[in-house]
Amino acid sequence: MQQPVVRVGDWLVTPSVNQISRQGRQLTLEPRLIDLLMYFARHPDEVLSRDELIDNIWMRNIVTSHVVTQSISELRKSLKDGNEQSPEYIATVPKRGYKLTATTVWCTEEEPDITPPSLATPPAVLPIRVTETQPQTMTSSALPSPSFRLARDKVDRRKRIATFWTWLLFLSSLGALIALVLMSLVNSHPPVTSTRLLLNPRDIDVRFEPGNSCNSWTSQQSYAIGLGNLITTSLNTFSTFMVHDKTNYNVTEPSSSGKTLTIKFVNQRHYRAQQCFMSVLLVDNADSSIMLDKRYFITDNTLLSVQEDLLHSLSSVLTQPWPPRMQALLEQFRHSKSMPLAQYYQANQLIVEGDVASLNKASEILEMVTKDAPDFTFALSGKILVDVLRHSQQQFDKTQLQGLNNELDKIAQRPGVQDTAPWYQIQTIDALTKGDIDDAYTDINKSIDLEMSWLNYVLLGKVYEMKGENRLAADAYITAFNLRPGDNTLYWIENGVFHTSIKKIVPYLQTFLKNEQ
């Protein structure tokens, strides 16, 4: 049986092979973009809201309106095919949703080039000749005889009897069927439901497994989790993959991610002695094949080289070359030394925990890192970010506030620092603390343009809360939890910058967490 294809404007859409084509040119799209385009084609001239698209395209996945907007943007870009003069296929209807503006013509794969109905030749209309007929008068000789009337009455009586028995048999059968249905409902066993997930090959889960056989793994845990966070943020920002950092998520549940990257510590014999190695394993969940299998011997002198090798290996196996801006960001780590890099990741883990005691400890560690590696810009911006958070939770005295302002002036003079996400995160928190909502909204959107991270979406939710747009705040919080699920992200949503009521602002997230317990 041939699958239906549809012509949308100039493009012929063939969903069976995830392709669109016109004038001899073929483009292969992601399955979700093809599903989105086909759904628009099935609802021509209808305004489709984001919620309707999420319910019918993304089904039960945790998806926000930001993901829908990104998918619409990618679909528009594919339909324009690099020609900015091309007509707009999908129009945005403010505050309502999206509408397909192009004409749609359905056909089969065998006959893709059909003529639209409006251009088909109409059937010829034949004239109808009307003639008058004279009414005829029935004569007495044409009237039925008594014997004919008697025979007709018998036939009518037989028809009535047959109709009666037909209805009787029908009602009896219907009653028996209803009785059988009721008996099956009473005696039936509870239905067995099975959960089936369609894997998304562009989704990756990053997990961390503590080592049970290594004595020194706890001292290296912050480094491994820091690597997981760096990999997640880098791929989400500079690639087409969607990565979920589950290093703090210990819930065993089915996942729709097509790949899993696992970091753990294993004990292995090395030169006649047992050594603790960090194992990095990337598995394709569709066929359980191993895409990457690395083992690193972690010492104070190998932290930077291990990080660079791992990122290079992932770029190669995922066929995802790092753009120049990503390479420039990674170059910043070269200004760190081995020990400051380990301390930097230790401070990052404390920042993720988010409570006052952890933030105070992180500030002390980053203070030491900036002294040992003064050119390590990430450490300095992290120190200022922590201090701005501490000031938002507990007001600094004059001396502390003066020191914070001096740090802000110092980092503002660093070349290129104002083109990084931490700079705009600092500005966002500072603006929220002062009540400058418009400035905070501008700064956090600049930060999101530079980096797709869970922290950015937590701060975006805080800004939307201050603007009174709780629906958008909930979307941002769910996106943050989707990027990095776990207790740490939940703590940030509730307590970062100011307190947020999960029950009031994000009831869906509260229901989701109850169901997983």
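For clarity, every value in this text was computed on a predicted model and none was experimentally measured.

## So, empty space enclosed by the protein
Then step 1. As enumerated under the stated definition, the model contains one cavity of 30 Å³ or more in all.
Then step 2. In this structure, the largest cavity encloses a volume near 40 Å³.
Then step 3. Every residue along the wall of the largest cavity is listed here: Asn229, Thr232, Thr233, Asn236, Met452, Ser453, Trp454, Leu483 and Arg484.
Then step 4. For the lining of the largest cavity, the element with the most residues is helix 5 (residues 217-238), which contributes four residues.

## Brief notes about unusual backbone geometry
Then step 1. Non-glycine residue aspartate 81 carries a positive phi angle of around 55°.
Then step 2. With respect to the helices and strands, aspartate 81 occurs in the loop between helix 3 (65-80) and strand 5 (90-93).

## With respect to the pattern of salt bridges
Then step 1. Evaluated as defined, the whole model comprises 12 salt bridges.
Then step 2. With a closest N to O distance of 3.3 Å, arginine 484 and aspartate 245 form a salt bridge. One end of the pair, arginine 484, is in the loop between helix 15 (470-483) and helix 16 (487-495); the other, aspartate 245, is in strand 9 (residues 242-245), with 239 residues separating them in the sequence. Both residues of the pair, arginine 484 and aspartate 245, count as buried.
Then step 3. Measuring nitrogen to oxygen at the nearest pair gives 2.9 Å for the salt bridge that ties glutamate 407 to lysine 383. Of this pair, glutamate 407 sits in helix 11 (residues 398-412) while lysine 383 sits in helix 10 (residues 377-393), and the two are 24 residues apart along the sequence. The pair formed by glutamate 407 and lysine 383 is uniform in burial state, with each residue classed as buried.
Then step 4. Among the ionic contacts, a cluster of salt bridges with common partners joins Glu367, Lys383, Asp387, Arg390 and Glu407.

Rules used throughout
- Residue numbers here run from 1 along each chain, matching the order of that chain's written sequence.
- This being a predicted model, a pLDDT of at least 70 is required before a residue's local features are given, and a value of 80 or more before pairs of side-chain atoms are given or counted; all residues contribute to the totals for chains, interfaces and linings.
- Excluded from the side-chain calculation are hydrogens and water; included are all heavy atoms of the structure.
- With a 1 Å grid laid over protein atoms only, a set of points is called a cavity when a 1.4 Å probe fits there but cannot get out and a pocket when it is open yet has protein on both sides within 12 Å along at least five of seven lines; lining residues have an atom within 4 Å of a point.
- Grid points are joined across faces, edges and corners, and a volume is the space filled by probe spheres set on the points.
- Here a strand is any run of E in DSSP of at least two residues, a helix any run of H or I of at least four, and the numbering for each starts at the N terminus.
- Salt-bridge detection follows one rule: a side-chain nitrogen of Lys or Arg within 4 Å of a carboxyl oxygen of Asp or Glu.
- Residue burial is assigned from relative accessible area. The probe radius is 1.4 Å, only protein chains are included, and a residue is buried under 20% of its type maximum, exposed over 50%, and partly exposed in between.

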